[in-house]
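Understanding the architecture of this molecule
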Amino acid sequence: MTEDDEPDVQLESRLEEQAEFTPPASFVEQANVSDESVYEEFEENWPDEWERAANLLEWEQEWNQVLDDSNEPFYQWFVDGKLNASANCVDRHLDERADEAAIEWIGELGETRTYTYEELHREVNEFAAALRELGVGEDDIVTMYLPMIPELPIAMLACARIGAPHSVVFGGFSADALAERMNAANSDVLVTCDGYYRRGDALDHLSKARNGVSNVESEVTTIVADRLGDDAPTAISDDEYVFSEQVEANSGAVVDPVVRDAEDMLFMMYTSGTTGKPKGVKHTTGGYLSYAAWTSHAVLDVKPDDTYWCAADIGWITGHSYIVYGPLALGTTSVMYEGTPDYPDKGRFWEIVEEYGVNQLYTAPTAIRAFMKWGTEYPEAHDLSSLRLLGTVGEPINPRAWKWYYKHIGNEECPIVDTWWQTETGGMMITTLPGIKKMKPGSAGPPLPGISADIVDPSGDPVGAGRAGHLVVNKPWPGMLRTLYKNDERFLNEYWDEYSIPERDQWVYFPEDGAKVDDDGYITVLGRVDDVINVSGHRIGTMEVESAIVGVEGVAEAAVVGGNHEMKGEAIYGYVITEDGQDETEEFRAEIVAAVEEDIGPFARPEAVIFTPELPKTRSGKIMRRLLEDIANGDELGNTSTLRNPDVVHDIESKVQGD
Ligand code: PRX
């Protein structure tokens, strides 16, 4: 047999050429949604067809109106409907699924904890009672600053139970970032933990949390989960409450779920935007939960008997919608993994899939690119036949990684859903319905039923197939953000001003992404068009990084851009002008990097810090970021003739190449 005849090589070359994939028949047969007419039904019966989503939930009181658009773009969904999210995610499954696992938690050290729906119900009630006792009332915002431990979803659901919106701050954020978010939300209750394990080491989290709290304007009540026991580098102090003690003290407590209006806030979540200040995205109880449940049902094909795994962090929106709210609303088993994919070895994910019989795996392209680099031997060593569907989220997936995922993880038997959405959209917006649509690697797919999206030019006209433009969403949807917390003006400004024509009653949502569409209506999302960098699927504002850098003594000016990165999608490049007399040393560079870690968090660490005597600026004094991006990417430089200081570009270029 020649090399070319080997089955694997043949397969690889066939896959390489193949641009379209049909969903496997075995999947289609059992899919939650497999009738193509769903697209038409939403179109013809819009917005009422959205009742399909709401009907996946249990309501205390039915809505009187599906959509109220009398005050655009402050839309309201399922008007007058009343419900409780915690009751929907926990209580209503007790009749049939009390003994089934709601959460399968897998710790970094290999320890495991299973919460059946009954156990989850008990802990959520007990912690809800504890929160009440500590003075948390309806509409008080509770901040959570926790890694992937079960106390996080328990605390979220306890908050939902008493009608206290939560604001989860990703555990990787710095103390400063925590304080900024607590102050912005006027939140004076914090749930955190002593620490957690990373690659076997016990990391201190409590000191970070305390540093944050010391910069919060109001008096903070802190509840600390004891994750590390004797390994904890910092002991819980007397003026902090211990999570487990609070639960114990309320043993057996039953807290009636507070009846919430559909439009009442379920949670807020901060995300990065163009300016330095993070945006507090407000999500509601009825619309958001309906949308998370519907997309989990239709796109992720979640069924109650499944074991479903979304390998994101609950500190980001993906974890909110697709580890906690969507899957638990549907009564399934949601896997929650604390650790990293390569600890204790690179087969960790596949070991979990095999051991738990995972049916759906939802992860980020960055992770898939890492798996690809590590090689097929790791997945091959495990039985992955339980998998039925694969998903990706957070950044564009390159066709090579898509095909690797399809073949080596899905064994060509699992459809892949490449899901485009954002913190603001609450749930998936553009992706194939896996039981209906063919897949095209690299393209997320058409908008979901009921979602109307287009690619437009600067005047708002559709650009047509094949041309790049701005992605816009033309109709409201239940999971949409309602506003930015206490900042309606910024909400209008950031998302609606660009393409809406209020005089004509045309309201167009602008997600600040660039995209193109093909003849089949499949959308390929190209990336952010604002000053936001997407590092491994995490949104980081260039302004946030710049303000951290210019805060360092000795820095005169800084410009931060995203450059392409093989593994992370994008990486952060910081161009820095030092003040006179400041030496451009390695130590100074390290100081700058440390400042970014301190202000934002280690995940925002710049890939490179480049010292430069000047930044390329237009005659009006605007920094030409595009050129800095080209330099970071080693690309041919665009037009430099509009620069006030064209020579500087080549100086910077040679510096980058030298670094
Ligand atoms: O640029 C898009 C990119 O991630 C941004 C949203 O980031 P965030 O609010 O943190 O939410 C991430 C998880 C939903 C978008 O504006 N993005 C997200 N999904 C995709 C994507 N880009 C391309 N393809 C995707 N599937």
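Being a predicted model, the structure only gives us computed values, none of them experimental.

1. Remarks on the overall build of the chain
- Looking only at helices and strands, the chain features 22 helices and 29 strands.
- A compact globule built from 659 residues should have a C-alpha radius of gyration of about 26 Å, and the chain, at 25 Å, falls within 12% of that.
- With the C-alpha coordinates aligned to their principal axes, the bounding extent of the chain is approximately 70 × 65 × 65 Å.
- Considering the chain as a whole, with its 659 residues, one finds that 59% of them fall into the buried category.
- Sequence separation of 24 or more characterises 71% of the internal contacts of the chain that already satisfy a separation of 6 or more.

2. What to know about the domain arrangement of the chain
- In terms of domain boundaries, the chain breaks down into domain 1 (17-456) and domain 2 (531-658).
- Contacts between the two partners involve 24 residues from domain 1, matched on the other side by 22 residues from domain 2.
- Carbon and sulfur atoms make up 49% of the area that domain 1 and domain 2 hide from each other, which totals about 1,700 Å².
- Considering only the surface of domain 1 that becomes buried against domain 2, Ser272, Thr274 and Trp316 emerge as the three largest contributors, covering 27% of it.
- Between Arg539 and Glu424 there is a salt bridge, with its nearest N and O atoms 3.0 Å apart.
- The interface formed by domain 1 and domain 2 includes 11 residue pairs in polar contact (both at pLDDT 80 or more).
- Secondary-structure elements contributing two or more residues to the side of domain 1 that touches domain 2 are helix H9 (175-184) and helix H15 (365-374).
- The greatest single-element share of the side of domain 1 that touches domain 2, amounting to 4 residues, is contributed by H15.
- Of the residues assigned to the side of domain 1 that touches domain 2, the class counts are 5 nonpolar, 12 polar and 7 charged.

3. Focus on a negative patch on the surface
- The grouping of Asp140, Asp188, Glu219, Asp238 and Asp239 at the surface amounts to a negative patch.
- Relative to the helices and strands, Glu219 is located in the loop between helix H10 (206-213) and strand E11 (221-225).

4. Some details on the sheet that holds strand E6 (residues 142-144)
- Pairing within the open sheet is mixed, and its 7 strands lie in the order E12-E11-E8-E6-E7-E14-E15. In this open sheet, the two edge strands, each paired with only one partner strand, are strand E12 (241-242) and strand E15 (279-284).
- When strand E8 (residues 189-193) meets E11, the two strands line up parallel, connected through 5 bridges. Looking at the pairing, Val189 lines up with Thr221 of E11.

Cut-off values and rules
Residues numbered from 1 in each chain as written. Predicted model: local features only at pLDDT ≥ 70, side-chain atom pairs only at ≥ 80, totals over all residues. Heavy atoms only, no water. Helix = DSSP H or I, 4+ residues; strand = E, 2+ residues; numbered from the N terminus. Rg over C-alpha atoms; globule rule 2.2 N^0.38 Å. Buried < 20%, exposed > 50% of the residue type's maximum accessible area, 1.4 Å probe, protein only. Contact = heavy atoms within 4.5 Å. Domains from an automatic or database assignment. Buried area = accessible area lost by both parts, 1.4 Å probe. Salt bridge = Lys/Arg side-chain N within 4 Å of Asp/Glu carboxyl O. Polar contact = N/O pair within 3.5 Å; in protein donor to acceptor, adjacent residues only side chain to side chain. Nonpolar A, V, L, I, M, F, W, Y, C, P; charged D, E, K, R; others polar. Patch = residues over 30% accessible without salt bridge, like charges linked within 9 Å, V, L, I, M, F, W, Y side chains within 5 Å. Areas by Shrake-Rupley, 256 points an atom, 1.4 Å probe, with all protein chains shown as cover. Lys, Arg positive; Asp, Glu negative; His and termini not counted. Charge placed at Lys NZ, Arg CZ, Asp CG, Glu CD. Pairing = 2+ DSSP bridges.

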